[in-house]
Amino acid sequence: MQTAYARMVYERQVREQRRGTAEGNRQTSTLKTILKDACRRLIAFLFTQVGVCGLVVAYNILGAFAFRVIEGEMGDPRPEESASELREHMVHRLWNVTLRLNVLEETQWREEVVGALQEYQEFVVPLVKTKGYRGVYPKETWSFSAALMYSLSVYTTIGYGNLAPRTELGKIATILYAIVGMPLMLLYMSNVGEILANIFKFIYFRACRCDIGSLGYYRTASGTIRPVTASQNLRVNGQAGSSVKGQTGDSSPRRTIPITWCLLVIAIYVGVGGLIFAQWERWSVLDACYFSYISLSTIGFGDLVPGKTVEGENDDQEVESQQIICTVYLLVGSALVAMCFNLMQEETIENLKAFWRNLGCLRKKKTRKISVEDNLQRPSRYDADG
């Protein structure tokens, strides 16, 4: 009896352990499923338009903090220290020349001073070219706004050149940051540029009351613009009597935005930026517009750079906010320029197609107009199968 009772107790414990193990495995699998779903949704969201914009902004801010620590806190101050010691030595040398020579002996005094200044120049120029000497220590140069502008200039390929990494770690970080950032910037310009292009097309054709069928929309009898369904059989509920003119095939030219309008948008954006930078940086309007266009086209000569922080003249809150606004201006402007280039490309392609079609190199396909009544009366494939 005791043996049977002990066996029964043992079997009960084994069953409880198996039950607990099964419940634990079930909870673990449920947790893994939840984590997988969360990761999948996060990745899907990051590749949406909103997710890409947030990812670019976060990447820019992350780069600003990283480069500020690497080049600002851990930067190499030896070029500034060497220049300071050389400056003190040169002042002492000029003072000795002045004490040794009589003021009346102007010729000899000038010769010795010119020689000393030439020697000073020979030491300073290599510090500027090879060591990155700026006259300001790294902690003062690499403020948050300056690091933010530097990060932007890296992954947008603007490359002003006014700021450059000195340390080996900073150079390696810049390479890795550009490798990841440039594809991300291309994705941002593609997605956001497409959104801006659709918005601009909708506004343009809405204002001009032109044919908007090429945009995937149609105009009802009351003037309301509505999207066309993906299938050819249009189901318009409550719109009896309204007609939609669709086209089968790609026979007629697509409605595109004129190139002049795209150039006008770029000119307005560059002009607005030029007026703002002219007010902030005390530049002429021409120089400010020149800087805006050179930056938006990612040429980035670096002869004009916004913000006094990078020059070490001022580091107040106003300059910081101005450089942050400049970063936002360039990010939005990059997408806007990409939008205009895409629209101009569409217009150019359609013009070339029309040119070759007029020469007889392209065949003109027949078009057939479809009304809503025809689509409603025509039996669908699913109805015929049923």
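Thresholds, definitions, all that
- Residues numbered from 1 in each chain as written.
- Predicted model: local features only at pLDDT ≥ 70, side-chain atom pairs only at ≥ 80, totals over all residues.
- Heavy atoms only, no water.
- Helix = DSSP H or I, 4+ residues; strand = E, 2+ residues; numbered from the N terminus.
- Buried < 20%, exposed > 50% of the residue type's maximum accessible area, 1.4 Å probe, protein only.
- Contact = heavy atoms within 4.5 Å.
- Areas by Shrake-Rupley, 256 points an atom, 1.4 Å probe, with all protein chains shown as cover.
- Axes fitted to C-alpha atoms, helices over the stretch in contact; angles between N-to-C directions.
- Parallel < 35°, antiparallel > 145°, perpendicular 65-115°, else oblique.
- Left-handed = near helix turned anticlockwise from the far one by under 90°.
- Nonpolar A, V, L, I, M, F, W, Y, C, P; charged D, E, K, R; others polar.
- Disulfide = S-S within 2.5 Å.
- Salt bridge = Lys/Arg side-chain N within 4 Å of Asp/Glu carboxyl O.

> Would you explain the overall build of the protein in this entry?
Looking only at helices and strands, the protein has 12 helices and two strands in total. For the protein, buried positions account for 34% of its 386 residues. Within the protein, contacts between residues separated by at least 24 positions form 71% of all contacts whose residues are at least 6 apart in sequence. In the form shown here, the protein has an accessible surface area of approximately 24900 Å², with 59% of it arising from carbon and sulfur atoms.

> Hey, could you run me through the packing of helix 8 (residues 259-281) against helix 9 (residues 285-296) in this one?
Angle between the axes and distance between the axes are the two parameters that describe a pair of packed helices. Viewed as axis vectors pointing N to C, helix 8 and helix 9 meet at an angle of 125 degrees, and their least axial separation amounts to 7 Å. By the angle class used here, helix 8 and helix 9 are oblique. In this structure, the crossing between helix 8 and helix 9 has a hand that is right-handed. Residue-level inspection shows Tyr269, Val270, Gly271, Gly273, Gly274, Leu275, Phe277 and Ala278 of helix 8 in contact with helix 9, the latter providing Val285, Ala288, Cys289, Phe291, Ser292, Tyr293 and Leu296. Looking at the contact of helix 8 with helix 9 residue by residue, the class counts come to 11 nonpolar, four polar and no charged.

> Help me understand the state of the cysteines, please; the structure alone is not making it clear to me.
In a disulfide, the sulfur atoms of two cysteines are covalently bonded to one another. This structure, assessed with the given rule, holds zero disulfides. Cysteine Cys340 remains unbridged, with the sulfur of Cys262 as its closest cysteine sulfur at 5.1 Å. Look at Cys340 and you get buried, because its relative accessible area is 1%.

> Help me understand the pattern of salt bridges, please; the structure alone is not making it clear to me.
A side chain of one charge can pair with a side chain of the opposite charge when the charged atoms of the two come close. As enumerated under the stated definition, the model contains one salt bridge in all. Between Lys201 and Glu346 there is a salt bridge, with its nearest N and O atoms 3.1 Å apart. Pair noted here: Lys201 is in helix 7 (residues 168-208) and Glu346 is in helix 10 (residues 317-358), with a separation of 145 residues, a long-range link. For Glu346, a relative accessible area of 24% corresponds to the partly exposed category.

> Please explain unusual backbone geometry as it appears in this structure.
Glycine aside, negative phi is the norm for most residues, and most peptide bonds take the trans geometry. Even without being glycine, Thr157 reaches a positive phi, approximately 60 degrees. Mapped onto the fold, Thr157 is located in the loop between helix 6 (144-155) and helix 7. A positive phi angle, near 60 degrees, is found at Thr298, a position not held by glycine. Mapped onto the secondary structure, Thr298 falls in the loop between helix 9 and helix 10.

Read these as spatial facts, not as claims about activity.
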